[in-house]
Amino acid sequence: MSLAEKTRPAEKPRATGRERKRQREPRITDEHGRRIRVWELALRYLLLLGVLALTIGPFLWQLSTSLKGPTEDIFSSPPKFLPSDPTLHNYERVADTIPVWDYALNSLKVAAANVVTNCVGAALAGYALARLRYRGRRVATLVFILTMLVPVEGIIIAQFTTMRELGLNNTLVGVLLRRCVSALNVLLMRNAFLNLPYEIEEAAFVDGANVWQRFCRIALPAVKGTLAVVAIFAFMGAWDDFLWPLIVLSDPSRFTLTIGLNYLHGTFANDERLVAAGTIIAVAPLIILFACLQRYFFRGVGEGAVKG
């Protein structure tokens, strides 16, 4: 055998027509490297578009209705999504019909205080359930879980009686106290603290750090994502609450936004454009809050990881 034949690279077998066609096709894979067929990818996107239409569609329809003028038919068939002559007059009419900004300020006071009390109270309670060693810790955790199983309608009369005995009836403080610390938020913070490695706190304990120092300087900065989740849940729960403020409050000057918007449709007013404009006013703060905290919100999924 000659030297040229020895150094000649081995010829690869020729690919068949089907294999060449498969190689020319774009290869689509998932996060695990597994190949996804084109029809499977198309089906996934169709399902996502369906879910998007069901979730975002009603909000966009309310936004479109709030921008339509009084001469435009909102019940046309087929329905017309985009307004022909957009106007902000409906929002001005909402402010003329009810003191919407005063109601929004009352809701903002309650929601902001609810965020502070939930973040502080849930963080302290969650850290105590996850890190501290004391007798009855499992029982306390079980109590928080059981409180989530009790329906609100079953205890709301007792809560109203308690507020009346405390002299907090018809006050914003009475509206706040019912949701000041949520059991769900406590359990969320507990699970976030449980995911933190014990070795970090043990090293801080050896260096002389007490419980408060370990909580404020080590544990709490590591669970910012879960704190954002708690803040969003607390704000949404207080901002959207309707039944409890309706029971506690009787003075119209202390009404929250959800109660005040109830006057937009009823015996004396039944304009869908006003209702839609009031709905957008009520939803806008929630969208702004989530837009500001979405970075930390999605970080809460993998809370507790140690970065090198």
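What comes next concerns the included structure. Values in this document were obtained by computation on a predicted structure and should not be read as measured data.

Points about the overall build of the protein chain
Scanning the protein chain from terminus to terminus reveals 15 helices and zero strands. For the protein chain, buried positions account for 32% of its 308 residues. Nonlocal contacts in the protein chain, meaning residues at least 24 apart in sequence, comprise 71% of its contacts between residues at least 6 apart. Accessible area of the protein chain: about 20,200 Å², with a carbon and sulfur share of 63%.

Some details on unusual backbone geometry
Of note in this structure, Asn170 is not a glycine but carries a positive phi near 65°. The topology assignment puts Asn170 in the loop between helix H7 (152-165) and helix H8 (172-177). The class of Asn170 is buried, set by a relative accessible area of 17%.

Observations regarding the environment of Asn262
Among the structural elements, Asn262 can be located in the loop between helix H14 (257-260) and helix H15 (272-299). Along the primary structure Asn262 and Phe242 are separated by 20 residues, whereas in three dimensions their C-alpha atoms are 9.7 Å apart.

Points about the side chain of Glu72
Note on placement: Glu72 falls in the loop between helix H3 (38-66) and helix H4 (89-97). Although buried, Glu72 forms no salt bridge, and the nearest oppositely charged side chain, Lys80, lies 4.3 Å from it. Within the structure, Glu72 has its side chain in polar contact with the backbone nitrogen of Ser84 (distance 3.1 Å). Those residues in contact with Glu72, other than ones at most four positions away along the chain, are Lys80, Leu82, Pro83, Ser84, Asp85 and Arg273.

A look at H7
The end-to-end C-alpha separation of H7 is 20 Å, in line with the 20 Å expected for 14 residues at 1.5 Å each. With its phi angle positive at about 75°, Gly167 sits one or two positions after the end of H7.

Some details on the environment of Arg179
Here Arg179 lies in the loop between H8 and helix H9 (183-194). According to the relative accessible area criterion, Arg179 is partly exposed, its value standing at 32%. Apart from residues no more than four positions distant in its own chain, Arg179 is found in contact with Asn114, Asn118, Gly237, Ala238 and Asp241.

Re the nonpolar core
If you look at the biggest cluster of nonpolar residues, it comprises 50 residues, and the most contacted ones within it are Val94, Ile98, Met189, Phe193, Phe235, Trp239 and Leu257. Non-local contacts of Phe193, meaning those with residues more than four positions away in its chain, are made with Ala123, Gly126, Tyr127, Ala130, Arg131, Phe215, Ala219, Leu220 and Val223.

Rules and cut-offs
- Residues numbered from 1 in each chain as written.
- Predicted model: local features only at pLDDT ≥ 70, side-chain atom pairs only at ≥ 80, totals over all residues.
- Heavy atoms only, no water.
- Helix = DSSP H or I, 4+ residues; strand = E, 2+ residues; numbered from the N terminus.
- Buried < 20%, exposed > 50% of the residue type's maximum accessible area, 1.4 Å probe, protein only.
- Contact = heavy atoms within 4.5 Å.
- Areas by Shrake-Rupley, 256 points an atom, 1.4 Å probe, with all protein chains shown as cover.
- Lys, Arg positive; Asp, Glu negative; His and termini not counted.
- Salt bridge = Lys/Arg side-chain N within 4 Å of Asp/Glu carboxyl O.
- Polar contact = N/O pair within 3.5 Å; in protein donor to acceptor, adjacent residues only side chain to side chain.
- Expected span 1.5 Å × (residues − 1).
- Core = buried A, V, L, I, M, F, W, Y, C linked by side-chain atoms within 4.5 Å.

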